[in-house]
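# Observations on the model geometry
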Protein chains: 2
Amino acid sequence: MSVTAETAVPSDHPGVDELFGLLAYGQLSAFYRLSSDAEMSPGLRGKVAMAGLAATDFEHFELLSSALSDRGVDVFEAMAPYTEILERFHASTTPSSWLESLVKAYIGDGLASDFHREIIAALPEDVREIVRESLEETARSEFVVAEVRAAIAANPQERSRLALWARRLLGEAVTQAQYVAMQREALAELVMAAAGDINNLAVLFDRLQDEHARRMEALGLS
Amino acid sequence: MSVTAETAVPSDHPGVDELFGLLAYGQLSAFYRLSSDAEMSPGLRGKVAMAGLAATDFEHFELLSSALSDRGVDVFEAMAPYTEILERFHASTTPSSWLESLVKAYIGDGLASDFHREIIAALPEDVREIVRESLEETARSEFVVAEVRAAIAANPQERSRLALWARRLLGEAVTQAQYVAMQREALAELVMAAAGDINNLAVLFDRLQDEHARRMEALGLS
């Protein structure tokens, strides 16, 4: 990533707690969504792959929970401001098929990772490592890519339907991210510190779009 | 445990693969049941506790899966004979409330652990450790005990309802275990090797009953 903040925020910046709370609930809700989506899997292999993604998300949740506790913050209090927004995101993007759930897992995970990787520059050194670990890209996502590509090859009409679905996921994610930015001042400050200034903020969002486009290509949906 | 088999079966006994397959599907199906039952939790703390139990089950599944692969056995093939029986168990014991799901998690986990701990004596040394690790009692079950006891204290009528539920769980588990024993000869042989002879088999089952009774007491249901 090419973003380098002039100065990282101090370790006790309240935006760090807000970021950890957001990440923690994000991982927890992803755990539940993935394990519930897995019921749509046509076979046991898909179920195992989804369970693996979900279990990794829970490990990340535990990492963030203990990081918050080290900072003297209760994880449940830290998550509270984000539960409604994240549940709204999930409710508005409930997959109606196994393929849609795979695309959501891949696109959603990727977007979250990219966003947090962008703001890492603004974080004090001791906090960076926690964010990095909690966003560790799982090797299991290869399974998703292979599965989606195979489905499109077998049924080319799926391509445009899934491409539309992926676009909706991006739109909803942006909408909910804007809500978060409006409501959580300290977190918004962290993002601004990462971008450097308002112009660079646009550049940051462009980069997120580019990464999204790259993932669409990986899935065979571009 | 006081069981000591005269001789452990050899490492390449087919019953070991059957045991690992049964354990693997047991852990995987527990993962899915726990994470789906968690939806009934009235609060986020309960959800997190259930997710933790589920994630531990998935770790155990991965351990068994790689142990099978080391033995040259595909985990999906090894699990296949048990999917129907375990799904039948779960279908016949679907919790209708958060408390029922907590009791099921605790009683079911405990029964499975005890049973496998009993047959450990018949296992060759290199296999014992894998079974032990995959049955590691999670500290998280304290949460279940506290939650159930509090619910009973607040509403004493729950006690007899939940006690009945726990008895049904035991009955269904025994029924399905008998199916497994009838259908899987090598696994039944392993159990016999652990017990020593047919008389000791009765002693083994008595001990399982005792442990179950001890758990009922821990939950305040005896």
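Residues numbered from 1 in each chain as written. Chains lettered and ligands numbered in written order. Predicted model: local features only at pLDDT ≥ 70, side-chain atom pairs only at ≥ 80, totals over all residues.

What follows covers the overall build of chain A. Per the secondary structure count, chain A includes 9 helices and 0 strands. Taken over C-alpha atoms, the radius of gyration comes to 17 Å for chain A, in line with the 17 Å a tight globule of 222 residues would show. Seen along its three principal axes, the alpha-carbon backbone of chain A occupies a region of about 50 × 35 × 30 Å. Taking the contacts inside chain A whose residues are at least 6 apart along the sequence as the reference set, 81% of them involve residues at least 24 apart. (Helix = DSSP H or I, 4+ residues; strand = E, 2+ residues; numbered from the N terminus. Rg over C-alpha atoms; globule rule 2.2 N^0.38 Å. Contact = placed C-beta atoms within 7 Å.)

The next point concerns helix H8 (residues 185-195) of chain A. Since the α-helix packs 3.6 residues into each turn, any two residues three or four apart lie on the same face. Residue and element names in this part refer to chain A. Looking only at H8, the buried set comprises Leu187, Leu190, Val191, Met192, Ala193, Ala194 and Ala195. Taken together, the buried residues of H8 touch helix H1 (14-37), helix H4 (98-119), helix H7 (157-183) and helix H9 (198-219). Following H8 by one or two positions, Gly196 adopts a phi angle in the positive range, close to 105 degrees. (Buried ≥ 20, exposed ≤ 12 C-beta atoms within 10 Å, placed from the backbone.)

Of the residues lining the interface, 13 residues belong to chain A; the matching set on chain B comes to 13 residues. Sorting the residues of the side of chain A that touches chain B by element identifies H1 and helix H2 (44-70) of chain A as the ones contributing at least two each. Counting residues per element, the side of chain A that touches chain B draws most heavily on H2(A), at 7 residues. Partitioned by chemical class, the residues of the side of chain A that touches chain B number 9 nonpolar, 2 polar and 2 charged. (Nonpolar A, V, L, I, M, F, W, Y, C, P; charged D, E, K, R; others polar.)

Let us now look at the environment of Asp17(B). Here Asp17(B) is to be found in helix H1 (residues 14-37). C-alpha of Asp17(B) to C-alpha of Leu169(B): the two residues are 152 residues apart in sequence and 26 Å apart in space.

Before going further, it helps to spend a moment on the relation of the copies chain A and chain B. With an axial shift of 0.0 Å and an RMSD of 0.0 Å, the rotation relating chain A to chain B amounts to 180 degrees. As the rotation angle and translation indicate, the two copies are arranged about a two-fold axis. Closest to the rotation axis within chain A is the C-alpha of Ala55(A), separated from it by 2.5 Å. An overlap of 100% is found between the interface residues of chain A and their copies at the interface of chain B, pointing to a shared contact surface. (Least-squares fit on C-alpha atoms with pLDDT ≥ 70 in both.)

Among the secondary structure elements, Ala213(A) is positioned in helix H9. Note: C-alpha distance between Ala213(A) and Ile107(A) (106 residues apart in sequence) is 9.9 Å.

Before going further, it helps to examine helix H5 (residues 125-134) of chain B. Residue and element names in this part refer to chain B. Within H5, the full set of buried residues consists of Val127, Ile130, Val131 and Ser134. Down the axis of H5, the smallest arc covering the buried residues is 95 degrees, so these residues share one side. Lining the buried residues of H5 we find H1, helix H2 (44-70) and helix H4 (98-119). (Arc of directions from axis to C-beta.)

Time to look at the nonpolar core. Of all hydrophobic cores here, the largest spans 125 residues; its most connected members are Ala24(A), Val103(A), Ala24(B) and Val103(B). The element that contributes the greatest number of residues to this core is H2(B), accounting for 13 residues. In this structure Ala24(B) touches Phe61(B), Leu64(B), Ser65(B), Leu68(B), Val75(B), Ala78(B) and Met79(B), once residues within four positions along its chain are discounted. (Core = buried A, V, L, I, M, F, W, Y, C linked by C-beta atoms within 7 Å.)

Quick look at the packing of H4(A) against helix H6 (residues 141-154) of chain A now. Residues and elements named next belong to chain A. Two elements in contact, H4 and H6, have axes whose closest approach is 10 Å; the angle formed by their N-to-C orientations is 135 degrees. With respect to their mutual orientation, H4 and H6 come out oblique. Relative to H6, H4 is oriented so that their crossing is left-handed. Along the contact surface, H4 presents Leu99, Leu102, Val103, Ala105, Tyr106 and Asp109, while H6 presents Ser141, Val144, Glu147, Val148 and Ala151. Of the residues assigned to the contact of H4 with H6, the class counts are 8 nonpolar, 1 polar and 2 charged. (Axes fitted to C-alpha atoms, helices over the stretch in contact; angles between N-to-C directions. Parallel < 35°, antiparallel > 145°, perpendicular 65-115°, else oblique. Left-handed = near helix turned anticlockwise from the far one by under 90°.)

Parts of the model with low pLDDT should not have their predicted coordinates read in detail. All names here are of chain A. Looking at chain A as a whole, its pLDDT mean stands at 88, while 95% of the residues score no less than 70. When mean pLDDT is taken per element in chain A, helix H3 (residues 75-92) scores highest with 95 and helix H5 (residues 125-134) scores lowest with 83. Across residues 1-6 the pLDDT falls below 50, and counting only partners more than four positions away or on other chains, this stretch makes 14 contacts in the model. (pLDDT = per-residue confidence, 0-100.)

All names here are of chain A. Where H4 meets H9, the closest approach of the two axes is 10 Å, and the angle between their N-to-C directions is 150 degrees. On the basis of the axis angle, H4 is roughly antiparallel to H9. The handedness of the crossing between H4 and H9 is right-handed. Seen from H4, the contacting residues are Val103, Tyr106, Ile107, Gly110, Leu111, Asp114, Phe115 and Glu118; seen from H9, they are Leu204, Arg207, Leu208, Glu211, His212, Arg215 and Leu219. Grouping the amino acids of the contact of H4 with H9 by side-chain chemistry returns 8 nonpolar, 2 polar and 5 charged.

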